[in-house]
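# Per-entry structural report
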Amino acid sequence: MLTSEELAALRSAIPGDPDLTRLLGTLRLRGGAVLATRPSIPGVKALLSRDGGICPTDGSNLLFDPWNPERHRCPRCGEGFTGRRHHLHWARAQHLWIVERAADLALVAALTGDAPAAAGAAELLGAYDELYFALPNSDNVLGPSHLFFSTYLESLWVTSYLAAAFLLREAGLLPLERVNGIDRVADEAATLIGEFNEGLSNRQTWHAAALTAISAWFDDVELANTAVEARTGLLGHLAEGFGSDGLWWEGENYHLFALRGAMQGLHWARAVGYDLLEDAEIRGHFRAALLAPTRSALPDFTYPARRDSRYGVSLALPPSLELWEIGRAWVGEDPELNAWLGALYVLPPSAVPVQQYDAWLHDAGRTALERPGRGDLSWWALTAMAPAPVKALPWRADSALLADQGLAVLRREDRYVSLECGPDIGGHGHPDRLHLTLHAGAVHWLPDPGTGSYVEPELAWYRSALAHNAPLLDGVNAGGADAWCAAFDSGEEWAWCRGRAAEVTRTVVAGPTQLLDVLEVEAGEAREVILPWHLQGDWRVESPGTWEPATLEHPFVSTAERFVAQGGEPPVVSATSPGTAAGLRLCFVAPGAELLRAVAPGLPMTNAPSPFLLLRAKGNLIRWVTVLDTSPAGSPSAMTGARVTGQLVELTTSGEPIRFHFSDAGVKVEAGSPTLLLAGLRPAPPRHRSLRVSDPTSEALALAPRVAEAPALDGTLSGFDLSAPLSFDSELQYRRSEEPWNPERFSAQCWVNWDGKTLYLAVSVTKPERLFRPPGAPPLELDNEPDDIHSDGLQLYLSHGGQGIAVLLVPRDGGSLGTRTIGRDGGEAPPVGGRWAPTHEGYLITVRVADPGLALLGPGDRLGFDLLINEMRPGRLRRAGQLVWSGGNGWVYLRGDRQDPSDFGTLELG
């Protein structure tokens, strides 16, 4: 991505800069290891699975070692494991690692004229001349790919692959016999990546970067214009993906990934004549994106695991460091960026956990660094890094409101409190609206757990509202409404914020050592209100009382108990953290609420169950006040009790009381003299406009003719009224994993009837081979989706009167149907049954839906309805596609067996 002129300038600059000189030496060492011992090139396509790369003993991720393709060690138990699934998991990282090493060698050769390095880089590139096309574009999860299971990984790979080729070519070191092979790979990659447009997505930033790289390789102006200027190109992602507060719309984890992709794309764009940062407005927006993670960073320099973010990821790791290093070079001298980088570089080694970033593998297979520095980054950093920073001012983190993100952060010294607002973004969103985070005394007392492994069942727990410190109404986070920050104000000692979500309001007031948390619900009718508290450390209820068995229904929750208090005082909970002097006490003033404790999965990757607390009550007017105290025991400010009288909250301490007066103007705090008014009220924002490029609302409409008698339901059309068929006759109704729809290979027709209380369906599928997964087949262990989606069969969805039915149906031997309620592991059998039979063209399924709620409907009533028909093909692990009655117009990818009710069509009863 550097032109010959830029290479010459960098070549001249290196001798005068110790950090650049050291980094060049680091690249020599990395590349030298590859020259000394030729690494294994995986001859297989990577596979995403539940058991590949996972320790079967303790569930830890096995370490990636590029020098050992067969034996993979667990970092926790120390055992080594072999097997094909582990090898296929290893191949994902190895394909990426190989082209990163090619880029190392190419840059060393381009800067020093090192002939062996040039030859080594060309040899690694040449390994893919035939292999790239030999590996099948099949069994994919997220779009088409030859080497991987998802297109975004192909895009990651292409940027490094072409960087190595481009650098060699610009330095005049690329052999002519290599050019044709690179051309073929780049051309095929452009086709694959270009046809899988993911809209405004973190992955699409990498697709845009890869297409920009391909345009630079071919000097293709038309492709460059699309990759850079389109709404789903680099410019569109910069403008719309990163909000006015600079943070990527999907949260911190995806912010860093999207920022890296956008920056790679920006660098490649320069090679085709686009320098987007020449525009002052774009440069300012880019700077905001660089600094956004610093606004929300926790005191331990990890990012908060909001939305679908991973938990406990350090911001001081080399993949993040080099983003700020390169960004600092691009935006110019910036004291704030200097201070931030300075703070990260001086962190003690114990504060930077050894973590491997799966999209940045430069240090894989090498001895872990005690403390990464500027000379330990990547080849990309060497191409763009600025001279060593001047002595930085101390880094200071202030309270901040990231308005677009809906995140309010209240800071004081080493304490961090945040309230999460914002819209329900779906996709990588979590039900964490109005979640409360507390980090104080170097302890993360109330964390957001973020996400777990995408292929483990526990992912459903981490994506549930009950796993967060966030309110639920009738089991739904924030009652299902978007949240917005209605107030934010911060001063030297006191700060506050308030979040609203329809009928729910949560207010947090933060003082020197105490926090006040107020949850209010004003509903038109009685609602069940639940507020979980996932306290870390060791905690106990100080107040006298006993525990008795209780009921709390959730598939991941067990051992629920209710606290029966002895006396009328509000319950108090104390918590300590082993190895620290920090402590926390909570006082719950929650009239009418019961205090429960239960056990659920702990934080991701801990593999240990953990107890948690929750408040629960039913009502339409609820006001719960919780006081959280971080004062050292015995200090004058330590909490001794709390009283609530109307809009007055009085906190008694070992010293002077603290009073909080709430009003329409804000909250008045009486804590000594003078009295303080916290205001900063904010109007409700305009209705949220989703940033995702989504399909239009379905206009599918069908009629269910009434029949006097039930059809035979014997796998034939006997007894069915066939006057109103549902057609599957458009390529817009097909979701594919690789190949476009072929109606001669896969098509269907459906008829729906009803008799006043029961629905009847007949589905005729045209397909040359019938591939039904047998009930006793070994588990696929691919991901956390049911295995039966990887089979010919149906997914049936109905919604009416707030009720819903979602069923997966697969034909079995003897004409029976295997049925499974979608979204549940076991439980009650779905009210669905029927038979199937083979036909000359494929197969025919007849189904009865005996939902009691249907008997309450009459002619002209309408139901939400959808029917999905899965397509399996020979020799595959995963299904090849789906026909979707309401409209597919997309890709199968990680939808699993989920279908959003907003996508349903309409079924009218005749």
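Counting from 1, residues in each chain are numbered in the order their sequence is written. Side-chain atom pairs in this predicted model are given and counted only at pLDDT of 80 or more, local residue features only at pLDDT of at least 70, and totals for whole chains, interfaces and linings cover all residues. Neither water nor hydrogens contribute to the side-chain values; these are computed over all heavy atoms in the structure.

## Overview of the overall build of the chain
Helix and strand counts for the chain stand at 16 helices and 39 strands. What you see for the chain is a C-alpha radius of gyration of 30 Å, in line with the 29 Å of a compact globule of 910 residues. Viewed in the frame of its principal axes, the chain has a C-alpha envelope of about 85 × 80 × 55 Å. Two residues qualify as a contact provided that any one of their heavy atoms is within 4.5 Å of a heavy atom in the partner residue. Contacts spanning at least 24 positions in sequence make up 67% of the contacts within the chain whose residues lie at least 6 apart. Total accessible area computed for the chain in this model is approximately 35,300 Å², and 51% of it derives from carbon and sulfur atoms. Only four residue types enter the tally: Lys and Arg on the positive side, Asp and Glu on the negative side; His and the chain ends are excluded. Taken as the charge centre is NZ of Lys, CZ of Arg, CG of Asp or CD of Glu, depending on the residue. Here the chain contributes 76 positively and 110 negatively charged side chains, and the mean placements of these two sets differ by 3 Å. Numbering goes from the N terminus for both helices and strands, where a helix is a DSSP run of H or I of at least four residues and a strand is a run of E of at least two. Radius of gyration here uses only the C-alpha atoms, and the compact-globule reference equals 2.2 Å multiplied by the residue count raised to the power 0.38. Note on areas: these come from Shrake-Rupley sampling with a 1.4 Å probe, and a residue is covered only by the protein chains present in the view.

## A few points about the pairing of strand E13 (residues 514–533)
Only protein chains enter the calculation, and the probe is 1.4 Å; a residue is then buried if its accessible area is under 20% of its type maximum, exposed if over 50%, and partly exposed in between. With respect to burial, E13 is a largely interior element, 15 of its 20 residues being buried. In this scheme, strands are said to pair when DSSP sees at least two bridges between them. In this sheet, E13 lies alongside strand E8 (residues 472–473) in antiparallel orientation, the contact comprising two bridges. What sits directly across from Leu473, in E13, is Val529. Bridge count for strand E12 (residues 504–510) against E13 is seven bridges, and the pairing is antiparallel. From the neighbouring strand, Thr505 faces E13, where its bridge partner is Glu520. Counting the residues between successive antiparallel strands, the hairpin from E12 to E13 contains three residues.

## Topic: the environment of Leu315
Mapped onto the elements of the fold, Leu315 is located in the loop between helix H12 (280–296) and helix H13 (318–331). Taking relative accessible area as the criterion, Leu315 reaches 0% and is therefore assigned buried. Between the alpha carbons of Leu315 and Leu256 there is a distance of 9.5 Å; along the sequence they are 59 residues apart. Not counting residues up to four positions away in its chain, the partners in contact with Leu315 are Leu256, Pro293, Ala297, Phe301, Thr302, Tyr303, Ser320, Trp324, Trp340 and Leu344.

## Some remarks on helix H9 (residues 221–229)
Within H9 the residues assigned to the buried category are Leu223, Ala224, Ala227 and Val228. One face of H9 carries all of its buried residues, which in axial projection span an arc of 120°. Counted as exposed and oriented over 90 degrees from the buried face of H9: Val221 and Glu222. In this structure, the buried side of H9 is in contact with helix H8 (202–218), helix H10 (234–241) and helix H11 (252–271). Arc definition: directions from the helix axis to the C-beta atoms.

## A look at the packing of aromatic side chains
Whether two aromatic rings pair depends on their centres lying within 6.5 Å, for rings of Phe, Tyr and Trp, where Trp uses its six-membered ring; planes under 30 degrees apart make the pair stacked, over 60 edge-to-face, and the rest tilted. Scanning the model with the defined rule gives 24 aromatic pairs in all. The interplanar angle of 65° and the centroid separation of 5.0 Å between the aromatic rings of Trp340 and Trp395 together place this pair among those described as edge-to-face. Highlighted residues: Trp340 in helix H14 (residues 335–345) and Trp395 in the loop between helix H15 (379–384) and strand E3 (400–402), separated in sequence by 55 residues. On the basis of relative accessible area, Trp340 is assigned to the buried category, the value being 0%. An aromatic cluster is built from Tyr128, Tyr132, Phe133, Trp157 and Tyr161, whose rings are joined through pairwise contacts. For a ring to carry a charge above it, either NZ of a lysine or CZ of an arginine must fall within 6 Å of the ring centroid while also lying within 35 degrees of the normal to the ring plane. Above the face of the Trp754 ring, Arg706 is positioned so that its terminal group lies 5.1 Å from the ring centre.

## Observations regarding the packing of H8 against H9
The geometry of a pair of packed helices is captured by two quantities: the angle between their axes and the separation between those axes. Running from amino to carboxyl end, H8 crosses H9 at an angle of 155°, the nearest separation of the two axes being 8 Å. Judged by the angle between their axes, H8 and H9 are roughly antiparallel. With respect to the hand of their crossing, H8 and H9 are arranged in left-handed fashion. Contacts between H8 and H9 pair Ala208, Leu211, Thr212, Ile214 and Ser215 from the former with Leu223, Ala224, Ala227 and Val228 from the latter. Three categories are distinguished: nonpolar for Ala, Val, Leu, Ile, Met, Phe, Trp, Tyr, Cys and Pro, charged for Asp, Glu, Lys and Arg, and polar for the others, with Gly belonging to the last. By residue class, the composition of the contact of H8 with H9 is seven nonpolar, two polar and no charged. Only the stretch in contact is used when a helix axis is fitted, and all axes are lines through C-alpha atoms; the angle between N-to-C directions ranges over 0 to 180 degrees. Angles below 35 degrees are treated as roughly parallel, those above 145 as roughly antiparallel, those between 65 and 115 as roughly perpendicular, and all remaining angles as oblique. Crossings are classed by handedness, with left-handed meaning an anticlockwise turn of the near helix from the far one by less than a right angle and right-handed meaning a clockwise turn.

## Concerning the pattern of salt bridges
Salt bridges are defined as contacts in which a side-chain nitrogen from Lys or Arg sits within 4 Å of a carboxyl oxygen from Asp or Glu. On inspection of all chains with the given rule, the structure shows 48 salt bridges. In this structure, Glu336 and Arg295 form a salt bridge, with 2.3 Å as the shortest nitrogen-oxygen distance. On the criterion of sequence distance, the pair formed by Glu336 in helix H14 and Arg295 in helix H12 is long-range, its members being 41 residues apart. Three or more residues are tied together by salt bridges with common partners; here these are Asp19, Glu325, Arg328 and Arg374.

## Examining H14
In terms of burial, H14 is largely enclosed, as eight of its eleven residues are buried. Every buried residue of H14 is accounted for by Leu337, Asn338, Ala339, Trp340, Leu341, Ala343, Leu344 and Tyr345. Any pair of N or O atoms that falls within 3.5 Å is considered a polar contact. Within protein, one atom must be able to donate a hydrogen and the other to accept it, and sequence-neighbouring residues count only if both atoms are side-chain atoms. Its side-chain oxygen placed 3.1 Å from the backbone nitrogen of Glu336, Asp334 serves as the N-cap of H14.

## Description of the sheet that holds strand E7 (residues 443–446)
An order of E3-E4-E5-E6-E7 is seen for the five strands of this open sheet, with the pairing classed as antiparallel. In this open sheet, the two edge strands, each paired with only one partner strand, are E3 and E7. Ignoring strand direction, the axes of neighbouring strands in this sheet form an average angle of 15°. Relative to strand E5 (residues 415–420), strand E4 (residues 407–412) runs antiparallel, the two sharing six bridges. The partner of Ala408 across the bridge, within E5, is Leu419.

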